[in-house]
Amino acid sequence: MPMVRRNSDNSDGGAACWALVGPTASGKSEVAIEIGLRRSVEVVSVDSMQLYRGLDIGTAKPSAAQRASVPHHMIDAVSYTHLRAHETSLHLVCRLLLE
């Protein structure tokens, strides 16, 4: 079962950050969409495979309709051919954000 954790420290006035964690195929995407609809928030995926455009089989990416109902980020963000041999998905995301 997915768990929702909330960053309770917004002393800097920034927005709260929620983390939805759980094992593969536990329903995290459905829960994230429901939270997004109820709280008008956006979903930022940190799934190591959903990041890549063209890798759809076995990744359980939210459907186009689901992504249209709640804004999603970092899904199909980059072609897997852009991943350098020594780079992890985390390194790639950081590099993309800093460019």
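Residues numbered from 1 in each chain as written. Predicted model: local features only at pLDDT ≥ 70, side-chain atom pairs only at ≥ 80, totals over all residues. Heavy atoms only, no water.

S.K.: I'm lost on the layout of surface pockets in this one. Help?
M.R.: Rolling a probe over the atoms, with the probe sized like a water molecule, indicates the empty space that remains. Size it by volume and the largest pocket reaches roughly 930 Å³. In terms of lining residues, the largest pocket is bounded by 35 residues, among which L20, K28, A32, V43 and V44 are the most central. Within the residue set of the lining of the largest pocket, elements represented by two or more residues are β2 (18-21), α1 (28-39) and β3 (43-44). Looking at the lining of the largest pocket, the element that brings in the most residues is α1, giving 6 residues. Its residues placed into classes, the lining of the largest pocket shows 19 nonpolar, 11 polar and 5 charged. (1 Å grid on protein atoms, 1.4 Å probe; cavity = no way out; pocket = protein on both sides within 12 Å on 5 of 7 lines; lining within 4 Å. Points joined across faces, edges and corners; volume = space filled by probe spheres on them. Helix = DSSP H or I, 4+ residues; strand = E, 2+ residues; numbered from the N terminus. Nonpolar A, V, L, I, M, F, W, Y, C, P; charged D, E, K, R; others polar.)

S.K.: Can you help me understand unusual backbone geometry in this one?
M.R.: A negative phi angle characterises most non-glycine residues, just as the trans form characterises most peptide bonds. Positioned with a positive phi, A25 is a non-glycine residue whose angle comes to about 65°. By secondary structure assignment, the location of A25 is in the loop between β2 and α1. Judged by relative accessible area, A25 falls into the exposed class, the value being 80%. Positioned with a positive phi, M74 is a non-glycine residue whose angle comes to about 65°. You can see M74 is positioned in the loop between β5 (72-73) and β6 (78-79). The exposure class of M74 is partly exposed, given its relative accessible area of 21%. (Buried < 20%, exposed > 50% of the residue type's maximum accessible area, 1.4 Å probe, protein only.)

S.K.: Whenever I open this one, the environment of E34 confuses me. Can you help?
M.R.: Within the secondary structure, E34 is located in helix α1. Through-space distance from the C-alpha of E34 to that of V70 is 8.8 Å; in sequence the pair is 36 residues apart.

S.K.: What is the right way to read the pattern of salt bridges from this model?
M.R.: Oppositely charged side chains can form a pair if their charged atoms are brought close together. Per the counting criterion, the structure on display carries 4 salt bridges. For K61, the salt bridge is made with D56, and the minimal N-O distance between the two is 2.8 Å. The class for K61 is buried, based on a relative accessible area of 16%. We classify D56 as partly exposed; its relative accessible area is 49%. Through salt bridges that share partners, D56, K61, R67 and D76 make up one connected network. (Salt bridge = Lys/Arg side-chain N within 4 Å of Asp/Glu carboxyl O.)

What is shown is where atoms sit, not what they do.
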